4 protein chains.
Amino acid sequence: MQNLPKTVGIIARYDKKEALTLATELSEYLTKRGLEVFLENTLEGKVKADGKFVPLKDLKTDFIITIGGDGTILRSCLSLPKPEPPILAVNMGVRGFLTEVGPKDACGVLDKILKGNAHIEKCSKLKASANGENLPDALNDVVVSGGEPSKIVYLQVYKDDVPVLSLEADGIIVATQTGSTGYSLSAGGPVLDPKLDVIVVTPICSLTTVRSMVFPANSKIRIESVRPKDMLVLVDGNYRISLPSKCSSVTVEQSKEVSSFIRFKSEFYGRLQGRLFFKGTG
Amino acid sequence: MQNLPKTVGIIARYDKKEALTLATELSEYLTKRGLEVFLENTLEGKVKADGKFVPLKDLKTDFIITIGGDGTILRSCLSLPKPEPPILAVNMGVRGFLTEVGPKDACGVLDKILKGNAHIEKCSKLKASANGENLPDALNDVVVSGGEPSKIVYLQVYKDDVPVLSLEADGIIVATQTGSTGYSLSAGGPVLDPKLDVIVVTPICSLTTVRSMVFPANSKIRIESVRPKDMLVLVDGNYRISLPSKCSSVTVEQSKEVSSFIRFKSEFYGRLQGRLFFKGTG
Amino acid sequence: MQNLPKTVGIIARYDKKEALTLATELSEYLTKRGLEVFLENTLEGKVKADGKFVPLKDLKTDFIITIGGDGTILRSCLSLPKPEPPILAVNMGVRGFLTEVGPKDACGVLDKILKGNAHIEKCSKLKASANGENLPDALNDVVVSGGEPSKIVYLQVYKDDVPVLSLEADGIIVATQTGSTGYSLSAGGPVLDPKLDVIVVTPICSLTTVRSMVFPANSKIRIESVRPKDMLVLVDGNYRISLPSKCSSVTVEQSKEVSSFIRFKSEFYGRLQGRLFFKGTG
Amino acid sequence: MQNLPKTVGIIARYDKKEALTLATELSEYLTKRGLEVFLENTLEGKVKADGKFVPLKDLKTDFIITIGGDGTILRSCLSLPKPEPPILAVNMGVRGFLTEVGPKDACGVLDKILKGNAHIEKCSKLKASANGENLPDALNDVVVSGGEPSKIVYLQVYKDDVPVLSLEADGIIVATQTGSTGYSLSAGGPVLDPKLDVIVVTPICSLTTVRSMVFPANSKIRIESVRPKDMLVLVDGNYRISLPSKCSSVTVEQSKEVSSFIRFKSEFYGRLQGRLFFKGTG
């Protein structure tokens, strides 16, 4: 943020009392400090605050606070206006992978932000289209699978029109470096350093191969289903579109848009420990 | 088969012309040789034969011919009367994993069977129940997963009431030795020798572990979903039951029933090559 | 143990002061209770005790106490007289996988044993021969690899003379169910329930396959190196034999001998947690 | 090559008759076309040619021909003078991963090169040092392992002084994108597109983790052994250095040097098929 922030948007899990309480507190705290506060309209009637309630897509504020876990962040990034305002991700006590601070540290961290004292981390996103229809950008991953769980699909994967993978599998994950520590990891993919700018492709339970592939960020990935099947495309685990039972085509490439996160410390590999190491370790 | 067969049941893929043609041919061939022929009633009007058309569950014949691939066998074994008649599995040219002979060798092999010259291989099955409701027995596997693809579920797995696995995963596969070369293999499970009598449990894309476990055949596997989620139970990839969004319980143990296959050669590891080795191999 | 024990053998890590101190204490404790104490002769001069110092292979006592970690147990089982006396495995504070009690509980547990109050767990072992030469039995595993680290070898693996695996790999692990949680696990093999009686074969970094295989206990595994290479056979990570640079043959099958452990609680899956689950798990 | 070549170096497997015959033929062919031919001095007395026999490190020619497989290329790249002359890699009939043409096409391809008609592909290399001692650059990978096969080592891995991996393992592989399809792949690592400029780190049979990590090309990887053990460092599977039984430190980073290959077609993913797909595939 080049200028001191004057407006803030607040997004929170509306099914968690603690999240709603914290949204009220932070809203009051920032109003007192002179900021104009906007809240996602799903919070109307649940959060008692002076701010204005607007749809997520209209939160064109200087920055955004999300209150919740990684799921709340992924859901927000699917719908925020472009270019996305930077996000301060506050968790509810359980440290997620994308969240930055716990509820107790939120006010202290906001003081720093109001003084212009924050580092912005930009995360590249993926832009996908399915049978020609554009989907919202993905911060983590785009998954192409059968229409129901554990249904085999037959996929041919191309990188810049060169065939690279033939799959008989549950599906395939195309992930950013940010997404490499999520679903792609659980399917056997590598951890990608956050400073990389690449795309990783990981098969899900394939009978034909067990390999992940990493491509340059400017690669165009195309996934063709080579036998007619009901298919599903899933963006960041939240946005889903069903494809009819014919041979479908999904393309994925890097988006021009990015998501931005306000960071104070860089501790990627510290956060990662729990997903990397077996408990028995040292 | 202790006595020479007098009755035969015929099951075939009704969506493949070649399968229907072969069903007609084999039906005529066996009628001429004095056998009483019964056909699955889905073939009525599609197969021109003198036999009687009856539902799959009423095919109480001395043996059964299935015409199609592994999918046709799995579908048949879900519904055959108990004890299941032995199956001669005829493929349509593409050698499946469970099928025994190609269409050209079918008549020759039937001649041997009519002379009492056949080896019966018995394959153990799994008996499952979901929230107390009994499901049909599985020849290959019972899969417990989220209600939609790529949806994480939280599972606690018990063996004889001892907790053995905690999963945050797409789901879990409980497979017989027969099923070990199918879906369990594509999820990273081991190959189990057909002479073993065991149960293998393989997680699907788990964030918490990457290990398969093998248990004695008399083990009782219980899978509890520890957070309320829409769930799905899938038997042999064909029979599916949805579980409502509450904490569910699925038990799996060895069935008293078996499936029987008529075999002439034992070449398990020969069949397996294509699923074991990368193409580059010598 | 059918009769109350009158003699005991003591084995301890001679490079750990705590182990030597405990060996002295337990020796005195058991002498006072009227047992005849024998100590492994490597402890002579290091353990001050009234017992007799004899070679490991002559410890024909009613039971054995090992003081140390899993390595001490594996080393002992390679050389104990046959049939092996049952082992009470005492660790040095760090709970190993095979050890049973910590140093503080040792005396209490010995009191139970002296009253005849102990459960014996029998663990099957593997009998191997390399180019016709017999090797000591393995409690965990027999590894066949190149003579130096990261050197590719070309192996053909047979089960009862049927070819089952062709490997271009660092090597191969043949393990018991006991060994399935050791090196085989780290190479990607499944966990085998301790009540199983099977053999698992796991490739090490193979370019040709990624699959483990599980075989019945009465299987005869034969590993042929199909190109002349310097080879190494390693029994339980301790006993090693180099094979000359020609095409070698190693056979592995279940031994008639077993190792016996004195157990008080059965908590296999509890011990296993640290090797199964990533730290991040709930 | 900016200018037409006037000198050529020839390297060949001296233990293969076909390689020696081809070296003679190509030597004569190029001498007739006016090039000055130099041969690696290990070929002296084995190849009948007019050229000069010099040590590999003195082959400062306009380009190099290697006759053999990937092993011959890796061995050559360890010792060629810097900057390395571009290599035309001729195989002996079996298509390797790095080789470009078969013996029958060699003369045709040389005609193109003599006309200046060739594409040079530059491959980045890794520069390693062990306990302060510099090792030759690696085209594929640097492996740090125990001094003997299947010996566990305890490693702490740092990226730019940040701890990223704690391993109890057979060892670790640090590979270039070129090496990602070799040993790293067989240990479970991802395939890296040849247009990437990254470093991949893959554990070998680790009890503590199963994850590969991909880092930017400018990362400095440091591997500390945290318990004193006999260690081995292996560069491209050929150059090996033993480290004494103390806590050792190995650093790996991208080299300023590159290896250059003369290419006519780009078919990376075509070559890769055999290492990616199981035989059963379509």
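Computed from a predicted structure; not experimentally measured. (Residues numbered from 1 in each chain as written. Chains lettered and ligands numbered in written order. Predicted model: local features only at pLDDT ≥ 70, side-chain atom pairs only at ≥ 80, totals over all residues. Heavy atoms only, no water.)

**What to know about the interface of chain B and chain A**
Item 1. Tallying the contact residues gives 25 residues for chain B and 25 residues for chain A.
Item 2. Summed over both sides, the interface between chain B and chain A buries roughly 1900 Å², with carbon and sulfur atoms accounting for 59% of that surface.
Item 3. For the chain B face of the interface with chain A, the top three residues by lost area are P149, C205 and L207 of chain B, together amounting to 29%.
Item 4. Seen at the junction of chain B and chain A, the total is two salt bridges.
Item 5. Close ionic contact of R240 of chain B with E148 of chain A constitutes a salt bridge, the shortest N to O distance being 2.1 Å. (Contact = heavy atoms within 4.5 Å. Buried area = accessible area lost by both parts, 1.4 Å probe. Salt bridge = Lys/Arg side-chain N within 4 Å of Asp/Glu carboxyl O.)

**Considerations on the sheet that holds strand β14 (residues 213-216) of chain C**
Pairing between sheet strands relies on hydrogen bonds along the backbone, with the strands arranged either parallel or antiparallel.
Item 1. Pairing is mixed in the open sheet, where seven strands are placed in the order β12(B)-β14(C)-β13(C)-β11(C)-β8(C)-β16(C)-β17(C). Both edges of this open sheet fall to β12 (191-192) of chain B together with β17 (239-246) of chain C, since each of them pairs with a single strand only.
Item 2. Sheet analysis places strand β13 (residues 198-204) of chain C next to β14 of chain C, joined by four bridges and oriented antiparallel. Its bridge partner lying in β14 of chain C, V200 of chain C is registered against V214 of chain C. (Pairing = 2+ DSSP bridges. Helix = DSSP H or I, 4+ residues; strand = E, 2+ residues; numbered from the N terminus.)

**A look at helix α1 (residues 17-32) of chain D**
Residues and elements named next belong to chain D.
Item 1. Taking 1.5 Å as the rise per residue, α1 with 16 residues should run 22 Å; its terminal C-alpha atoms sit 23 Å apart, in good agreement.
Item 2. Every buried residue of α1 is accounted for by A19, L20, L22, A23, T24, L26, S27, Y29 and L30.
Item 3. Looking at the buried side of α1, the elements it contacts are β1 (7-12), β2 (36-40), β4 (63-67), β5 (87-90) and α3 (106-114).
Item 4. Two residues or fewer after α1 comes G34, characterised by a positive phi angle close to 90 degrees. (Expected span 1.5 Å × (residues − 1). Buried < 20%, exposed > 50% of the residue type's maximum accessible area, 1.4 Å probe, protein only.)

**Digging into the domain arrangement of chain A**
A common measure of how large an interface is: the accessible area buried when the components associate.
All names here are of chain A.
Item 1. Segmentation of chain A into domains returns domain 1 (7-118 + 264-275) and domain 2 (125-256).
Item 2. Using only C-alpha atoms to locate each centre, domain 1 and domain 2 end up separated by 29 Å.
Item 3. Contacts between the two partners involve 14 residues from domain 1 and, on the opposite side, 17 residues from domain 2.
Item 4. Note on domain 1 versus domain 2: buried area summed over both sides is about 1100 Å², and carbon and sulfur give 68% of it.
Item 5. For domain 1, the biggest contributors to the area lost against domain 2 are L74, L78 and F268; these three give 47% of the whole.
Item 6. Across the pair E84 and K125 runs a salt bridge, and its minimum N-O distance is 2.5 Å.
Item 7. Looking at the side of domain 1 that touches domain 2, the elements with two or more residues in it are α2 (70-79) and α5 (268-276).
Item 8. Sorting elements by how many residues they give to the side of domain 1 that touches domain 2 places α2 first, with six residues.
Item 9. Of the residues that constitute the side of domain 1 that touches domain 2, the class distribution is nine nonpolar, one polar and four charged. (Domains from an automatic or database assignment. Nonpolar A, V, L, I, M, F, W, Y, C, P; charged D, E, K, R; others polar.)

**A look at the relation of the copies chain D and chain A**
Item 1. With an RMSD of 0.1 Å, the fit of chain D onto chain A corresponds to turning through 180 degrees and sliding 0.0 Å along the axis. The superposition of one copy onto the other is thereby described by a two-fold rotation axis. In terms of C-alpha distance to the rotation axis, chain D has P190 of chain D as its closest residue, with the C-alpha 3.3 Å off the axis.
Item 2. Interface overlap between copies is the fraction of interface residues in one copy that are interface residues in the other; for chain D against chain A it reaches 100%, indicating a shared surface. (Least-squares fit on C-alpha atoms with pLDDT ≥ 70 in both.)

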